[in-house]
Amino acid sequence: MINIAICDDDKTITSVIENMINVIADAQQINVNCDVFFDGASLIDYISHGTFYELIYMDIEMDRIDGIHAAEIIRKNNISTLIVYISSYEKYLKDLFKTEPFRYISKPIDSKQFTDTFLSAYKRICQKAEYFTFTYNKYLYKMPLRLISYFESRNRVLYIHTINSSSDQQENTLQKCYKKMNDVEKELVAANQRFIRIHQSYLVNYEYIRSISFTAVTLVDGTKLQISADRQKRVRLLFCNMLSSDSPNMQQR
Amino acid sequence: MNEYSLLNILMVLFSAVILKTYLEIFKYKKKKKSFATLCMWSIYLALQYWAMITNAANPLVVLLVNILSVCLIGKSMYYLEWVNSLFISGTFYAIWMMIEIVVNNLLHILSINDSTYFFLVGSTVSKLVMFLALHIFRKIYNNHFHFSMPLAYWVRLMLIPLSTFYIIHNTYILTSKTDNTIFFTITTMLLITVNYAAFDLYDKLGEKAEIERKNLAYEQQLDLCNKQAAECELAYQETRRVRHDINKYLFDIQTSLLAGNLSEAKNKIDNLLEHNQIYRKEICRSGNLIIDSLINNKYSVVEKMGIKMNCNVFLPDQISIESSDLCIIIGNLLDNAIDATQQLPQGNRYINLSISLVKSSVLLTIQNSYSGTLKNKKEGFFQSTKPNPSYHGIGLTSVKKSVDKYDGELLITPENNVFQVTVLLYPK
């Protein structure tokens, strides 16, 4: 079941989008739940109270709180949500890209483009619905992968960093387990999850990468992690491949 | 040894040539030629000659004085720090000493007991080897291995110094027993000149090839810029036409409205919207003017050739990639795609292009159908299938150069009849 939010102050647009989604969902036998919002503030409110939306259609030019600002606030705690901007602007503002949107749809909405975008989003969402299970202190834990920003191995303990944990947090407040990094890496790669082993001690979630250079990776919360020298070329190529598999219009081979 | 004094002088001059070649490798900024430089060189030459003549001086002292004098020359000729100059001159003598030791040991194997032999032939040969070594050093320093002529030519070039060693050795053996020192002097002089000329020629030819390559790239860049200028002009004309047309259409609609004929006015407006007569066909409207104009310009060619093109550009209107680089990258990749699809039947020609800003990087992906066969070149990218392969085929190399400017990545993945090129750039 996929939670979708549609946020636009224009009622006609929201109903058009909702209808299109329902048509596609019926045709493809996908289970969806659409929530409609007429301004950014109410959407932010809902999300901060715990609702998680896998996909958000956001209009950029809204009256009270415009789409990009709303998205920025939402992004602070929800890295894995896919955001599709809808607008009639002829050009893309630079701020737009800071929120790492998935796609952009221009008004008037072209139904083929909309269908393509929706199906790509669905494919992406399906890939991410995975959990990381581990035992610690005789308890079995199950953590959604989309919340994990990176794994760190230190002194033979595997620390699990999530978006709410800052890098200088005390060791005893991070989740930890005794799995081996190599095993975790193999498990994630086999499940087609996008995690990159940048260093002997670091396994990073691709979604949480804000930018990358030859020597280091910067995460969305500003944490910088070193890439080990012997992995630099490999990490580059892997990053490149992951980026390009997101491209629209491309034939996937 | 006085019979060989002419040769000694020439050897000293050759040392000076060697030193000059060495200093030029590092490409420091040159100072203007001053009297001080002349002084330094004279001191250096005098020192060399004196060191050659008298064998009694303490070799360590001679070495230190040499290093110091080279350091002074370096300082007076170039804009260099003292430390750097000292380091460079130290390295110079380190290399030279190593070469002399190696040469000496090799000559010892020949078990000749003539000390003059060691002195003359040994020093000549070691100077020649030093000259060679500097050339190799320069190639490595400038990373020119793949740009200059291939290894096969280098091997042929090496035959010259190798033959020289043999000839010098034998000439000395033959002439030392007689009083004919002039013969040895002239022979050695000629051989050194031949060596110097051969290497100089090799260098100049390499430079020439490099310049030609650069010129081709510049021509291509100019060509693309010209096309872009033409496109701008057309766009401007289009704007004027549109302004003119809009007035006409609005006047037309106004007449209907004034006559109270609402349905007719509505029809006219519907008609306009449906046929979109106001805008020419554009495939790319991302708001980034450079990219839009590049792609739209190519699109007219694409359409004419019956190629189906799919274009998705998702970028801010301003990105910190220079428009000339965008021109080269997008222009060349599109040209290659267009040429490749030309060889296929009409129905099977397509190009998919996507440019987006993701995770602070610019990602450009272009896919096109192709005939499935690629020719490989010995160095660089593929062999061009165009009719004049040595003249064409620098497109991908130009793209690589632009991509390297941004520390980027260029991936070429031909697979399953779909040729894909991925370019990743990190805006500065």
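Starting from 1, residues in each chain are numbered consecutively following that chain's sequence as written. All chains are assigned letters beginning with A, and all ligands numbers beginning with 1, in the order in which they are written. Reporting of local features is limited, given that this is a predicted model, to residues whose pLDDT is at least 70; pairs of side-chain atoms are given and counted only at 80 or more, and all residues count toward the totals for whole chains, interfaces and linings. Calculated side-chain values reflect all of the structure's heavy atoms, with hydrogen atoms and water omitted.

(A) The overall build of chain A, seen in detail. Across its full length, chain A carries seven helices and 15 strands. The cut-offs for exposure are 20% and 50% of the maximum accessible area for each residue type, with area from a 1.4 Å probe on protein chains only; residues under the lower value are buried, those over the upper are exposed, and the others partly exposed. Out of the 253 residues in chain A, the part that is buried amounts to 49%. Between two residues, a contact is recorded if the distance between any of their heavy atoms is within 4.5 Å. Considering only intrachain contacts with a sequence separation of at least 6, the fraction spanning at least 24 residues in chain A is 54%. Helix and strand labels come from DSSP, where a helix needs a run of H or I of at least four residues and a strand needs a run of E of at least two; each type is numbered from the N terminus.

(B) Examining the side chain of N332 of chain B more closely. Residue and element names in this part refer to chain B. Tracing the backbone through its elements, the reader meets N332 in helix α10 (residues 323-342). The exposure class of N332 is buried, given its relative accessible area of 3%. Residues in contact with N332, not counting those within four places in the same chain, are Q220, C327, G395, S398 and V399.

(C) Structural context of the interface of chain B and chain A. Contacts between the two partners involve 36 residues from chain B, matched on the other side by 33 residues from chain A. Buried area is understood as the total, over both parts, of accessible area removed when two parts are fitted together, assessed with a 1.4 Å probe. When the buried area of chain B at its contact with chain A is split by residue, F314, K359 and E409 of chain B rank highest and sum to 26% of it. Here, a salt bridge means any Lys or Arg side-chain nitrogen found within 4 Å of an Asp or Glu carboxyl oxygen. Inspection of the region where chain B meets chain A yields two salt bridges. Between K233 of chain A and E409 of chain B there is a salt bridge whose closest N-O contact spans 3.3 Å. Any pair of nitrogen or oxygen atoms within 3.5 Å is treated as a polar contact; in protein, a donor-acceptor pairing is required on top of that, and neighbouring residues in sequence qualify only through side-chain atoms on both sides. Here chain B and chain A share nine residue pairs in polar contact (both at pLDDT 80 or more) between them. Listing elements by their share of the side of chain B that touches chain A, those giving two or more residues are β1 (308-314), β2 (350-358), β3 (361-369), β4 (409-415) and β5 (418-425) of chain B. Here the element with the most residues in the side of chain B that touches chain A is β2 of chain B; it accounts for six residues.

(D) Seen up close, the nonpolar core. To qualify as a nonpolar core, a set must consist of buried Ala, Val, Leu, Ile, Met, Phe, Trp, Tyr and Cys residues joined through side-chain atoms within 4.5 Å. In this structure, L43 and M58 of chain A together with I295 and I355 of chain B are the most contacted members of the largest nonpolar core, which totals 61 residues. Per element, the largest residue contribution to this core is eight residues, and it comes from α10 of chain B. For I355 of chain B, the residues in contact, after removing those within four places along its chain, are I291, I295, N312, V313, F314, L315, I330, V362, L363 and L364 of chain B.

(E) Main features of the environment of F114 of chain A. All names here are of chain A. Within the fold, F114 resides in helix α5 (residues 111-128). The exposure class assigned to F114 is buried, which follows from its relative accessible area of 1%. Spatially, the C-alpha atoms of F114 and Y104 are 9.6 Å apart, while their sequence positions differ by 10 residues.

(F) A look at the sheet that holds strand β4 (residues 82-87) of chain A. Residue and element names in this part refer to chain A. Two strands form a pair only when DSSP identifies at least two bridges running between them. Here five strands make up an open sheet; going across it, the order is β2-β1-β3-β4-β5 and the pairing parallel. The outermost strands of the open sheet, each flanked by one partner alone, are β2 (32-37) and β5 (103-106). Taking each pair of neighbouring strands and ignoring which way they run, the sheet shows an average axis angle of 20°. As paired strands, strand β3 (residues 55-59) and β4 are joined by five bridges and run parallel to one another. By the bridge assignment for β4, L55 is matched with L82. Where helices are involved, their axes are fitted lines through C-alpha atoms of the stretch in contact, as for all axes, and angles between N-to-C directions lie from 0 to 180°. Along the sheet, helix α1 (residues 11-28) makes contact with β1 (2-7), β2, β3 and β4, crossing β2 at roughly 175°. Contacts from helix α3 (residues 67-77) reach β3 and β4 within the one sheet, and its direction differs from that of β3 by about 150°.

(G) Layout of the packing of aromatic side chains. Residue and element names in this part refer to chain B. Aromatic pairing here means that ring centres of Phe, Tyr or Trp (its six-membered ring) are within 6.5 Å. Orientation follows from the plane angle: under 30 degrees is stacked, over 60 is edge-to-face, and everything else is tilted. Scanning the entire structure with this criterion turns up 23 aromatic pairs over all chains. Centroid distance Y22 to F26: 5.3 Å. Interplanar angle 85°. Geometry classified as edge-to-face. The two residues Y22 and F26 agree in class, both being buried. Summarising the aromatic geometry, the rings of F92 and W96 are spaced 5.4 Å apart at their centres and angled 75° between planes, so their arrangement reads as edge-to-face. On the criterion of helical spacing, the pair formed by F92 and W96 is a turn pair, its members being four residues apart in helix α4 (residues 82-109). Residue classification places F92 among the buried residues on the basis of a relative accessible area of 0%. A residue is classified by how much of its surface remains accessible, and W96, at 6% relative accessible area, is buried. Through pairs of rings, three or more aromatic residues link up here, namely Y22, F26, F92, Y93, W96 and F137.

(H) Here's a closer look at the packing of helix α9 (residues 289-304) of chain B against α10 of chain B. All names here are of chain B. Where α9 meets α10, the axes come as close as 10 Å, and the angle between the chain directions of the two elements is 20°. In terms of axis orientation, α9 runs roughly parallel to α10. Remark: the crossing between α9 and α10 carries right-handed chirality. Two secondary-structure elements touch here, α9 through I290, I291, L294, I295, K298, V301 and V302 and α10 through S323, L326, C327, I330, G331, L334, D335 and I338. Put simply, Ala, Val, Leu, Ile, Met, Phe, Trp, Tyr, Cys and Pro go in the nonpolar bin, Asp, Glu, Lys and Arg in the charged bin, and everything else, Gly too, in the polar bin. Across the contact of α9 with α10, the residue classes tally to 11 nonpolar, two polar and two charged. These descriptions rest on fixed angle ranges, namely under 35 degrees for roughly parallel, over 145 for roughly antiparallel, 65 to 115 for roughly perpendicular, and the rest for oblique. The sense of a crossing depends on the near helix, which, turned anticlockwise from the far helix by less than a right angle, makes the crossing left-handed and, turned clockwise, makes it right-handed.

(I) Highlighting the pairing of β3 of chain B. Residue and element names in this part refer to chain B. With respect to burial, β3 is a largely interior element, nine of its nine residues being buried. Neither face of β3 is exposed, since S361, L363, T365, Q367 and S369 on one face and V362, L364, I366 and N368 on the opposite face are all buried. Relative to β3, β2 runs antiparallel, the two being bridged by eight bridges. Within β3, the position partnered with I355 by the bridge is L364.

(J) Quick look at the pattern of salt bridges. All names here are of chain A. In total, this model carries 21 salt bridges over all chains according to the counting rule given. E187 is paired through a salt bridge with K179; the nearest N and O atoms lie 3.6 Å apart. Among the residues examined, E187 registers a relative accessible area of 34% and is labelled partly exposed. On the basis of relative accessible area, K179 is assigned to the partly exposed category, the value being 29%.

(K) Quick look at a nonpolar patch on the surface. All names here are of chain B. On the surface, a nonpolar cluster with roughly 370 Å² of combined accessible area is contributed by L6, I182, I186 and L190. Of all the elements, helix α7 (residues 181-258) adds the most residues to the nonpolar patch, at three residues. Here I182 is to be found in helix α7. Patch construction takes residues with relative accessible area above 30% that form no salt bridge. Like charges are linked within 9 Å, and nonpolar side chains (Val, Leu, Ile, Met, Phe, Trp, Tyr) are linked within 5 Å. Computed with a 1.4 Å probe, the accessible areas rest on the Shrake-Rupley method; for each residue, only the protein chains presented here act as cover.

(L) Local environment of the packing of helix α1 (residues 5-25) of chain B against helix α5 (residues 115-141) of chain B. All names here are of chain B. α5 packs onto α1 with a crossing angle of 15° between their chain directions and a minimal axis gap of 10 Å. When the axes of α1 and α5 are compared, the pair comes out roughly parallel. With respect to the hand of their crossing, α1 and α5 are arranged in left-handed fashion. Taking contact as the criterion, the partners of L7, N8, M11, F14, S15, I18, T21, Y22 and I25 in α1 are, on α5, F119, L120, T124, K127, L128, M130, F131, L134, F137, R138 and Y141. For the contact of α1 with α5, the residue count by class is 14 nonpolar, four polar and two charged.

(M) Quick look at the sheet that holds strand β13 (residues 209-212) of chain A. Residue and element names in this part refer to chain A. An order of β13-β14-β15 is seen for the three strands of this open sheet, with the pairing classed as antiparallel. Each of the sheet's edge strands pairs with one partner strand only, and the pair in question is β13 and β15 (224-226). Averaged over all pairs of adjacent strands, the angle between their axes in this sheet comes to 25°, without regard to strand direction. Relative to β15, strand β14 (residues 216-219) runs antiparallel, the two being bridged by three bridges. Residue pairing for β15: A216 is matched across the bridge by Q226.

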